[in-house]
Amino acid sequence: GSQVQTRFERVASVDVLRGFDMLWLVGGAGVMLGIGRVTGGLFQEIIVRQFEHAKWEGFYFYDLIFPMFVFLAGISITFSMGRMTQEQGRGAALRRLIRRCFIMYLLGILYSGGFTNPWPEVRLMGVLQRIALCSLFAGILFLYLDCRGLVLAFLIALLSYWALLSFIPLPGHDAVSWAEGENWACWLDAKFLPGHKHYDTYDPEGLLSTIPAVGTCLLGVLAGFAIKSNRYQPNKKALYFFITGAALLLVGYLWGYQCPIIKKIWTPSYVLVAGGYSVFLLGIFYYVV
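One structure accompanies this document, and this report is about it. (Residues numbered from 1 in each chain as written. Predicted model: local features only at pLDDT ≥ 70, side-chain atom pairs only at ≥ 80, totals over all residues. Heavy atoms only, no water.)

## Focus on the nonpolar core
What tends to happen in soluble globular proteins is that the nonpolar side chains get buried as a cluster.
Thinking step 1. Formed by 78 residues in total, the largest nonpolar core has its most connected members in L17, F71, I75, I227, I265 and L282.
Thinking step 2. Apart from residues no more than four positions distant in its own chain, F71 is found in contact with L17, T216, L219, G220, A223, S278, V279 and L282. (Core = buried A, V, L, I, M, F, W, Y, C linked by side-chain atoms within 4.5 Å. Buried < 20%, exposed > 50% of the residue type's maximum accessible area, 1.4 Å probe, protein only. Contact = heavy atoms within 4.5 Å.)

Structure (structure tokens):
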């Protein structure tokens, strides 16, 4: 009985976190901006700043909403696919994963005018497409790797992307740059991503930045493992979430001095900062629920 109860509590905490994330999308941000306008002054400045995306470098509250969805998709993989693999085997779980991600990707294309806009005005990459692709790759890794392998995959995704952007100049350039339009993520989109791009020459959910975004999803998968584990008492587990979240934030912000925190190309420092806040918030809801 107690095991069933704690399992329910644990999954409920993930649902509450998902609800918290949804709240800001479906009107919470508008309410906060309204409060800011009514109060005026410094408070308005602070609120308006936190509920707008960073123009390029930087991290504000509104930059957390999307990666937290990707993180939550990773947690869902651990629960739904773990159960499916146990009950029906790896092949069935893989087929279901591919089907679900394919449908989600198509819905993303539909949302961006896939059946109403003439080609090439259709956007192939976008928010739903990113969640679909991240879930697909993270799900496949989940099916074939153990916990240690997933940590390794996470590190490889982040460090390979970081090394490319940090040390290898673009063709025809002498030095590397993190500036908008002057890095590998923007360059590859401009050269190889067909269809409509959100920022004319590149897409914030573009080709290359899918790699570190899979890393964000893998963080969720690992958090899911921690939630399912029976090794620690819930209170101790919540404490470990706080410590892990704080450690990710510390490393992410420090890394930001060399590798800027940029949502639009999903830099590794952005993965760690967004992941740190996500894990920290998971710890809060886990503890409360």
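## What about the packing of aromatic side chains?
Thinking step 1. Applying the stated criterion across every chain, the model contains 21 aromatic pairs.
Thinking step 2. Relative to W24, the ring of F20 has its centre 5.7 Å away and its plane inclined at 85°; by these criteria the two rings are edge-to-face. Of this pair, F20 and W24 both sit in helix α1 (residues 2–39), four residues apart, which is roughly one turn of that helix. An identical accessibility class is assigned to F20 and W24; each is buried.
Thinking step 3. Taking the centre distance of 5.2 Å and the plane angle of 80° together, the rings of W184 and W187 count as edge-to-face. One end of the pair is W184 and the other is W187, both in helix α7 (residues 184–192) and three residues apart, which spans about a single turn.
Thinking step 4. W184 gets classed as buried once you look at its relative accessible area, which sits at 14%.
Thinking step 5. Feature note: the residues F20, W24, F51, F61, Y62 and F285 constitute an aromatic cluster, connected by ring pairs.
Thinking step 6. Of note, R130 hangs over the ring of W266, and the distance from its end group to the ring centre comes to 4.9 Å.
Thinking step 7. Taking the ring centre of F79 as reference, the NZ or CZ of K228 above it sits at 5.8 Å. (Phe/Tyr/Trp six-rings, centres within 6.5 Å; stacked < 30°, edge-to-face > 60°. Helix = DSSP H or I, 4+ residues; strand = E, 2+ residues; numbered from the N terminus. Lys NZ or Arg CZ within 6 Å of the ring centre and 35° of its normal.)

## Remarks on a nonpolar patch on the surface
Thinking step 1. Taken together, F102, I103, L106, L107, L110, Y111, F115 and L128 make up a surface patch of nonpolar side chains, about 910 Å² in accessible area.
Thinking step 2. You can see Y111 is positioned in helix α4 (residues 90–111). (Patch = residues over 30% accessible without salt bridge, like charges linked within 9 Å, V, L, I, M, F, W, Y side chains within 5 Å. Areas by Shrake-Rupley, 256 points an atom, 1.4 Å probe, with all protein chains shown as cover. Salt bridge = Lys/Arg side-chain N within 4 Å of Asp/Glu carboxyl O.)

## Considering empty space enclosed by the protein
Thinking step 1. This model, assessed by the stated rule, comprises one cavity of 30 Å³ or more.
Thinking step 2. Here the largest cavity is characterised by a volume of approximately 60 Å³.
Thinking step 3. Together, L165, I168, P169, L170, H173, A175, V176, S177, E182, N183 and W184 line the largest cavity.
Thinking step 4. Among the residues forming the lining of the largest cavity, the class breakdown is seven nonpolar, three polar and one charged. (1 Å grid on protein atoms, 1.4 Å probe; cavity = no way out; pocket = protein on both sides within 12 Å on 5 of 7 lines; lining within 4 Å. Points joined across faces, edges and corners; volume = space filled by probe spheres on them. Nonpolar A, V, L, I, M, F, W, Y, C, P; charged D, E, K, R; others polar.)

## Let's talk about unusual backbone geometry
Thinking step 1. Here the amide bond leading from W119 into P120 is cis, since omega sits at 10°, within 30 degrees of zero.
Thinking step 2. Summarising the element assignment, P120 is placed in the loop between α4 and α5 (127–144).
Thinking step 3. Phi at D200 is positive, roughly 65°, even though this residue is not glycine.
Thinking step 4. Note that D200 resides in the loop between α7 and α8 (210–228).
Thinking step 5. Its identity is not glycine, yet W266 carries a phi of approximately 50°, on the positive side.
Thinking step 6. Turning to its location among the elements, W266 is positioned in the loop between α9 (234–255) and α10 (268–288).

Take it as geometry only, folks, not as evidence of what the structure does.
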